[in-house]
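Below, each chain spelled out in residue letters.
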Amino acid sequence: MEIPYNHEARPDTGLYNAKVGVWLFLASEVMLFGALFSAYILLRVGADPGTWPHGLLNIPIGTFNTAVLITSSVTVVLGWAALQMGNFGAYRKYQAVTILCALGFLGIKSFEYKDKFGHYEVWLKEPVTVKHGDKEVKTDRLLGHIDYNGAHPYFWKTETLAAKKVESFKFAPDPYHYTMSMKEMAHAKKVAAGHKHEEIEIKSSQVKRLSAFVPAHSTFFAIYFTLTALHGLHVLGGALVIAYIWGPGAKLWKTNPVQYTNRVEISGLFWHFVDLVWIFLFPVIYLL
Amino acid sequence: MSAAHSSAEIKKHIRTYWIIFFALLVGTVITVWLNYLHFDSVALTVGIALFVASIKAFLVAGFFMHLMSEKKAIYMMLAVTIFFFAAMMYLFVWSRGQLPRGGEYIPSKYVPHPAPIGAY
């Protein structure tokens with residue numbers, strides 16, 4: 001038995017089945033991301049003044065990734081428009097750009113994640129004096145990178161020091177700390193520019209807590225990784241569907257061009273939604 | 001999509017898509033640029049960022065997802081979604097109002113809070 005309206009529009013609603021389906025799905029996605037966004041908002045406004053991290057994320061890379069996703073969104077819709085005019089060749093080219101953009105986005109995001117997994121905060125039992133540019137500062141909390149026997153390890157935590165029998169390690173502190181305001185941080189970075197990062201030796205017995213920038217570091221990184229990883233999975237899923245329709249699924253164009261164009265439209269709607277989520281994610285997580 | 005769309009009409013749409021593409025890029029640049037200006041008011045910073053994001057979202061949903069010219073059934077579905085989304089957000093805000101303020105944050109003995117310029 002043939003399913004009615006699987007590519008022809010139903011006369012009363014003017015819609016074919018998949019279009020209703022994808023909008024219902026997107027409605028449920030709005031609730032999913034909405035719930036996580038509200039979790040972020042509560043954590044953000046609930047944080048004591050000066051404790052919410054600023055400037056730990058790479059804004060230029062985030063901006064570039066936003067542009068990549070916007071580009072992929074316009075190529076999706078241009079590809080679909082090309083199909084409507086019967087221009088299969090142009091559609092192929094536009095969607096190839098979309099798929100490349102999706103892979104580019106995921107590649108850049110992976111690079112960002114890797115960078116975070118090797119970036120540390122260390123809480124000390126006794127304060128140390130670190131030199132930054134022209135200033136000497138006494139502090140018991142440091143952000144920076146670990147240098148252990150010439151290597152920069154990933155995912156270390158407090159327990160790693162005992163497990164690996166690390167007696168001491170070298171630590172290159174960043175010129176800023178996230179409890180600074182954006183203004184103060186910009187100034188600190190400017191002052192530190194051109195100066196060599198002076199490494200300090202930290203004894204493991206002095207370490208109260210050590211954490212890489214992983215979800216366990218803080219509520220900020222917990223919600224950052226939750227939101228961006230969920231979004232990343234959506235990018236991956238969308239890219240797989242678009243690539244399937246573009247590649248092996250393209251046979252349908254010859255037998256049923258209307259249904260094929262519909263498939264491109266539906267996968268495009270999902271893709272625009274993923275773009276839409278990022279439009280809010282980027283300023284909220286990277287900038288605010 | 002229906003065959004009612006003529007080639008000329010689609011070409012007009014393509015022009016719109018490109019304009020929106022550039023508008024989205026400009027919106028992104030504005031958001032980041034404003035952020036580097038460092039307003040003193042947090043409310044203003046958040047307000048502007050969300051305002052620009054909303055405009056961008058409107059452009060994507062309205063034109064790329066063709067919600068500007070969609071069928072009535074879709075609008076009805078989305079109206080229900082917006083209602084429940086707003087209700088969920090309201091619930092969270094309301095629940096926050098029920099919580100005691102202040103936390104267990106203990107500031108560092110050695111570092112003034114918030115940290116001064118050049119600290120760390």
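Residues numbered from 1 in each chain as written. Chains lettered and ligands numbered in written order. Predicted model: local features only at pLDDT ≥ 70, side-chain atom pairs only at ≥ 80, totals over all residues. Heavy atoms only, no water.

Details of the overall build of chain B
For the record, the criterion: Only runs of H or I of at least four residues qualify as helices and only runs of E of at least two qualify as strands under DSSP, and these elements are numbered from the N terminus. Partly exposed residues are those whose accessible area sits between 20% and 50% of the maximum for their type, while under 20% is buried and over 50% is exposed, using a 1.4 Å probe and protein chains only. Residue contacts are defined here by distance: any two heavy atoms, one from each residue, within 4.5 Å place the two residues in contact.
Counting its secondary structure elements, chain B contains three helices and zero strands. Of the regular secondary structure in chain B, the N- to C-terminal order runs α-α-α. Of all 120 residues assigned to chain B, the portion counted as buried reaches 32%. Partitioning the contacts of chain B with sequence separation of at least 6, the portion at a separation of at least 24 is 46%.

Some thoughts on the packing of aromatic side chains
Residue and element names in this part refer to chain A. Put simply, the rule is: Aromatic pairs are defined between Phe, Tyr and Trp rings, using the six-membered ring for Trp, whenever the two ring centres lie within 6.5 Å; interplanar angles under 30 degrees are classed as stacked, those over 60 as edge-to-face, and all others as tilted.
Summed over all chains, the structure comprises 32 aromatic pairs over all chains. Aromatic side chains tryptophan 253 and tyrosine 260 sit 6.0 Å apart centroid to centroid with 65° between the ring planes, which places their arrangement in the edge-to-face category. The same class applies to tryptophan 253 and to tyrosine 260, which are both buried. Both rings, one in tryptophan 278 and one in tyrosine 286, keep their centres 6.1 Å apart while their planes meet at 70°; by these two values the pair is edge-to-face. As far as burial versus exposure is concerned, tryptophan 278 and tyrosine 286 are alike and both buried. Through a chain of ring-to-ring contacts, the aromatic side chains of Tyr40, Trp52, Tyr113, Phe117, Phe155, Phe213, Phe220, Phe221, Tyr224 and Phe225 assemble into a single cluster.

Topic: unusual backbone geometry
Unusually for a residue other than glycine, A:Phe155 sits at a positive phi of about 60°. When you line up the elements, A:Phe155 lands in the loop between strand E2 (135-147) and helix H4 (158-163). The phi torsion at B:His66 lies on the positive side, around 40°, for a residue other than glycine. Here B:His66 falls in the buried class, since its relative accessible area comes to 8%.

Thoughts on the pattern of salt bridges
All names here are of chain A. The criterion, for reference: Throughout this description, the term salt bridge denotes a Lys or Arg side-chain nitrogen within 4 Å of a carboxyl oxygen of Asp or Glu.
Overall, the coordinates contain six salt bridges over all chains when judged by the stated rule. Residues arginine 10 and aspartate 12 are paired through a salt bridge, measuring 2.7 Å at the closest nitrogen-oxygen approach. For arginine 10, a relative accessible area of 35% corresponds to the partly exposed category. One salt bridge in this structure joins lysine 109 and glutamate 112, with 3.1 Å as the shortest N-O distance. Residue lysine 109 and its partner glutamate 112 are located together in helix H3 (residues 88-117), separated by three residues, close to a single helical turn. Residue classification places lysine 109 among the buried positions, given a relative accessible area of 5%.

Considerations on the domain arrangement of chain A
Residues and elements named next belong to chain A. Just so we agree on the cut-off: An automatic or database domain assignment provides the domain bounds reported here. Once two parts are brought into contact, the accessible area they lose, counted with a 1.4 Å probe and summed over both, makes up the buried area. We call two N or O atoms a polar contact when they sit within 3.5 Å, provided that within protein one can donate a hydrogen and the other can accept it, with sequence-adjacent residues counted only if both atoms are side-chain atoms.
According to the domain assignment, chain A consists of domain 1 (17-33 + 56-116 + 218-287) and domain 2 (119-212). Spacing between the C-alpha centres of domain 1 and domain 2 amounts to 38 Å. Between domain 1 and domain 2, the contact holds five residues from the first and seven residues from the second. Together, the buried faces of domain 1 and domain 2 total about 540 Å²; carbon and sulfur atoms form 55% of this surface. It is Leu56, Lys114 and Lys116 in domain 1 that bury the most area against domain 2; as a group they hold 71% of the surface buried on that side. Linking domain 1 with domain 2 are two residue pairs in polar contact (both at pLDDT 80 or more). Take the side of domain 1 that touches domain 2: its biggest share by element is three residues, from H3.

A look at the domain arrangement of chain B
Once the domains are mapped, chain B shows domain 1 (1-65) and domain 2 (70-98). The distance between the C-alpha centroids of domain 1 of chain B and domain 2 of chain B comes to 22 Å.

Here's the deal with the interface of chain A and chain B
Interface size is commonly expressed as the accessible surface area that is lost when the partners come together. Using the following cut-off: Ten residue types, Ala, Val, Leu, Ile, Met, Phe, Trp, Tyr, Cys and Pro, are classed as nonpolar, four, Asp, Glu, Lys and Arg, as charged, and the remainder, Gly among them, as polar.
Across the contact, 73 residues belong to chain A and 58 residues belong to chain B. Interface area for chain A against chain B, summed over the two sides, is near 5800 Å², with a carbon-plus-sulfur share of 75%. Joining chain A to chain B, the criterion identifies one salt bridge. Across the pair B:Glu70 and A:Lys19 runs a salt bridge whose closest N-O atoms are separated by 3.0 Å. One can count two residue pairs in polar contact (both at pLDDT 80 or more) joining chain A with chain B. Among the secondary structure elements, those contributing two or more residues to the side of chain A that touches chain B are helix H1 (17-46), helix H2 (59-84), strand E1 (120-132), E2, helix H5 (182-192) and helix H8 (257-287) of chain A. The dominant element in the side of chain A that touches chain B, judged by the number of residues it contributes, is H1(A), at 15 residues. Taken together, the residues that form the side of chain A that touches chain B break down as 42 nonpolar, 19 polar and 12 charged.

A short note on the packing of H2(A) against helix H1 (residues 7-37) of chain B
What counts here: Note on geometry: axes are C-alpha line fits, over the in-contact stretch for helices, and angles between N-to-C directions span 0 to 180 degrees. Reported orientations rely on four angle classes, namely roughly parallel under 35 degrees, roughly antiparallel over 145, roughly perpendicular from 65 to 115, and oblique for the rest.
Packing of H2(A) against H1(B) leaves a shortest axis separation of 10 Å and a crossing angle of 170°. It follows that H2(A) is roughly antiparallel to H1(B) by the angle criterion. Per-class residue counts for the contact of H2(A) with H1(B) are 18 nonpolar, six polar and no charged.

Quick notes on the nonpolar core
All names here are of chain A. To keep it simple, the criterion reads: Among buried residues, the Ala, Val, Leu, Ile, Met, Phe, Trp, Tyr and Cys ones that are joined through side-chain atoms within 4.5 Å form a nonpolar core.
Judged by nonpolar contacts, the single largest core of 108 residues is most densely connected at Trp23, Phe171, Ile202, Tyr260 and Ile285. The element best represented in this core is H8, accounting for 18 residues. Contact partners of isoleucine 202, with chain neighbours within four places excluded, come to Val122, Leu124, Leu142, Glu167, Ser168, Phe169, Phe171 and Val207.

Things to note about H8(A)
Defined as follows: Helix span is expected to be 1.5 Å times the residue number reduced by one.
The end-to-end C-alpha distance of H8(A) is 44 Å, a good match for the 45 Å that 31 residues give at a rise of 1.5 Å each. The buried fraction of H8(A) amounts to 27 of the 31 residues, a majority that puts the element mostly inside the structure.

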